[in-house]
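Each chain, written out:
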Amino acid sequence: EAEVAQSPRYKITEKSQAVAFWCDPISGHATLYWYRQILGQGPELLVQFQDESVVDDSQLPKDRFSAERLKGVDSTLKIQPAELGDSAMYLCASSLGTGTGEQYFGPGTRLTVT
Amino acid sequence: GENVEQHPSTLSVQEGDSAVIKCTYSDSASNYFPWYKQELGKRPQLIIDIRSNVGEKKDQRIAVTLNKTAKHFSLHITETQPEDSAVYFCAAPPNGGSTLGRLYFGRGTQLTVWP
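Residues numbered from 1 in each chain as written. Chains lettered and ligands numbered in written order. Predicted model: local features only at pLDDT ≥ 70, side-chain atom pairs only at ≥ 80, totals over all residues. Heavy atoms only, no water.

Asks: Help me out: how do you make sense of the interface of chain A and chain B in this one?
Replies: How big an interface is tends to be reported as the loss of accessible area on association of its parts. Every contact between the two is made by 26 residues of chain A and, on the other side, 19 residues of chain B. One can count 2 salt bridges joining chain A with chain B. Residue R43 of chain B is joined to E3 of chain A by a salt bridge in which the shortest nitrogen-to-oxygen separation is 3.5 Å. Remark: the boundary between chain A and chain B carries 6 residue pairs in polar contact (both at pLDDT 80 or more). Counting residues per element, the ones that place at least two in the side of chain A that touches chain B are β4 (31-37), β5 (44-50) and β6 (53-56) of chain A. Top element by residues in the side of chain A that touches chain B is β4 of chain A. It accounts for 3 residues. (Contact = heavy atoms within 4.5 Å. Salt bridge = Lys/Arg side-chain N within 4 Å of Asp/Glu carboxyl O. Polar contact = N/O pair within 3.5 Å; in protein donor to acceptor, adjacent residues only side chain to side chain. Helix = DSSP H or I, 4+ residues; strand = E, 2+ residues; numbered from the N terminus.)

Printed below as a string of structure tokens:
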């Protein structure tokens, strides 16, 4: 069964450093989501792509976060500079098309900023 | 999420008992309500969902009920087993059923099933 892939699984970085996460969605899934999940809370959407286009980045802290999906397949989320408050699980999810429907999550990247 | 409230935050039951988790939403036009299960250290996975044109949906031991008038939906797990222990998240679309697929998630319910 196809799954969403993410790397790295764990990342420790010092504050003010740059960090990047990678996501490879299920083949053929046009919609890709990046979520942040703080311990003890539900996932919070950061950015949503439809193919290569950003359709919702209203919750993305654009002064330090950036995301791209250049060819409409895999995606990278970057934080520069990282802050202590960025420590969280970063989840990628994909879905087949637009509109409501099942989102398939990746295993996540656990980020710790020291 | 700003328009989804989930209760309780923790729930402990004895194996074989039933568990009920409730979520409320704010926008009466919302039309899709999924439930995700996240086991410790694993990714969230969809376990059941319901659309606003039906009031109840069942899949073996799990069911979801929707009360559109009261704007709440509930997850029901019967004959609970230790492997049901996990965090359960409800979700709903913002702003009247977004066509973009965006979801707001509740804060989660830690369910513990004691053998």
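Read on, since the account is not over.
Asks: Sorry, what's going on with the nonpolar core here?
Replies: Burial of nonpolar side chains together is a common tendency in soluble globular proteins. F33, W35, F73, L75, I77, Y88 and L111 of chain B are the most contacted members of the largest nonpolar core, which totals 24 residues. Counting residues in each nonpolar core, the second largest holds 20 residues, with F49, L60, A88 and L111 of chain A among its members. (Core = buried A, V, L, I, M, F, W, Y, C linked by side-chain atoms within 4.5 Å. Buried < 20%, exposed > 50% of the residue type's maximum accessible area, 1.4 Å probe, protein only.)

Asks: What should I look at first to understand the pairing of strand β4 (residues 32-38) of chain B in this one?
Replies: Residues and elements named next belong to chain B. Most of β4 sits inside the fold, with 7 of its 7 residues counted as buried. Residues Y32, P34, Y36 and Q38 of β4 are buried on one face, and the alternating residues F33, W35 and K37, pointing to the opposite face, are buried as well. Bridge count between β4 and strand β5 (residues 45-51): 6 bridges; the pairing is antiparallel. Counted as the bridge partner of F33 is I50 from β5. Counting the residues that bridge the hairpin from β4 to β5 gives 6 residues, and of these G41 lies at a positive phi of roughly 75°. Bridge analysis of β4 against strand β9 (residues 86-92) gives 4 bridges, and the strand direction is antiparallel. Bridged to K37 within β9 is Y88. (Pairing = 2+ DSSP bridges.)

Asks: Is there a simple way to think about the environment of G28 of chain A in this case?
Replies: Counting through the fold element by element, G28 of chain A comes out in the loop between β3 (19-24) and β4. Spatially, the C-alpha atom of G28 of chain A lies 27 Å from that of Y10 of chain A, the residues being 18 residues apart in sequence.

Asks: For this particular structure, what's the right way to read the layout of surface pockets?
Replies: To find leftover empty space, one rolls a probe the size of a water molecule over the atoms. When its volume is computed, the largest pocket comes out at roughly 570 Å³. As for the largest pocket, its lining consists of 31 residues, of which Q37, L39 and G40 of chain A together with Q38 and V87 of chain B are closest to the centre. Where the lining of the largest pocket is concerned, the elements lending two or more residues are β1 (4-7), β9 and β11 (109-114) of chain B. Top contributing element to the lining of the largest pocket by residue count: β1 of chain B, with 4 residues. (1 Å grid on protein atoms, 1.4 Å probe; cavity = no way out; pocket = protein on both sides within 12 Å on 5 of 7 lines; lining within 4 Å. Points joined across faces, edges and corners; volume = space filled by probe spheres on them.)

Asks: I'm lost on the state of the cysteines in this one. Help?
Replies: Two cysteines joined by a covalent bond between their sulfur atoms form a disulfide. In this structure the tally under the stated criterion is 2 disulfides over all chains. One disulfide bridge connects C23 of chain A with C92 of chain A, the sulfur atoms lying 1.9 Å from each other. Here the S-S torsion is close to -65°, and the disulfide linking C23 of chain A with C92 of chain A is therefore left-handed. In this pair, C23 of chain A sits in strand β3 while C92 of chain A sits in strand β9 (residues 88-95), placing the two residues 69 residues apart along the sequence. Judged by its relative accessible area of 0%, C23 of chain A falls in the buried class. One disulfide in the model links C23 of chain B with C90 of chain B; its S-S distance is 1.9 Å. Because the sign of the S-S torsion sets the handedness, a value of about -90° for the bond joining C23 of chain B and C90 of chain B places this disulfide among the left-handed ones. Taken as a pair, C23 of chain B in strand β3 (residues 19-25) and C90 of chain B in strand β9 lie far apart in primary sequence, 67 residues in all. Residue class for C23 of chain B comes out buried when judged on its relative accessible area of 0%. Accessibility expressed as a relative area gives 0% for C90 of chain B, which makes it buried. (Disulfide = S-S within 2.5 Å.)

Asks: How should the environment of I21 of chain B be read in this particular structure?
Replies: All names here are of chain B. Relative to the helices and strands, I21 is located in strand β3. By relative accessible area, I21 is classed as buried at 1%. Each C-alpha atom of the pair I21 and T10 lies 9.5 Å from the other, and the pair is 11 residues apart in sequence. In this structure I21 touches Q6, H7, L11, W35, F73, S74, L75, Y88 and T109, once residues within four positions along its chain are discounted.

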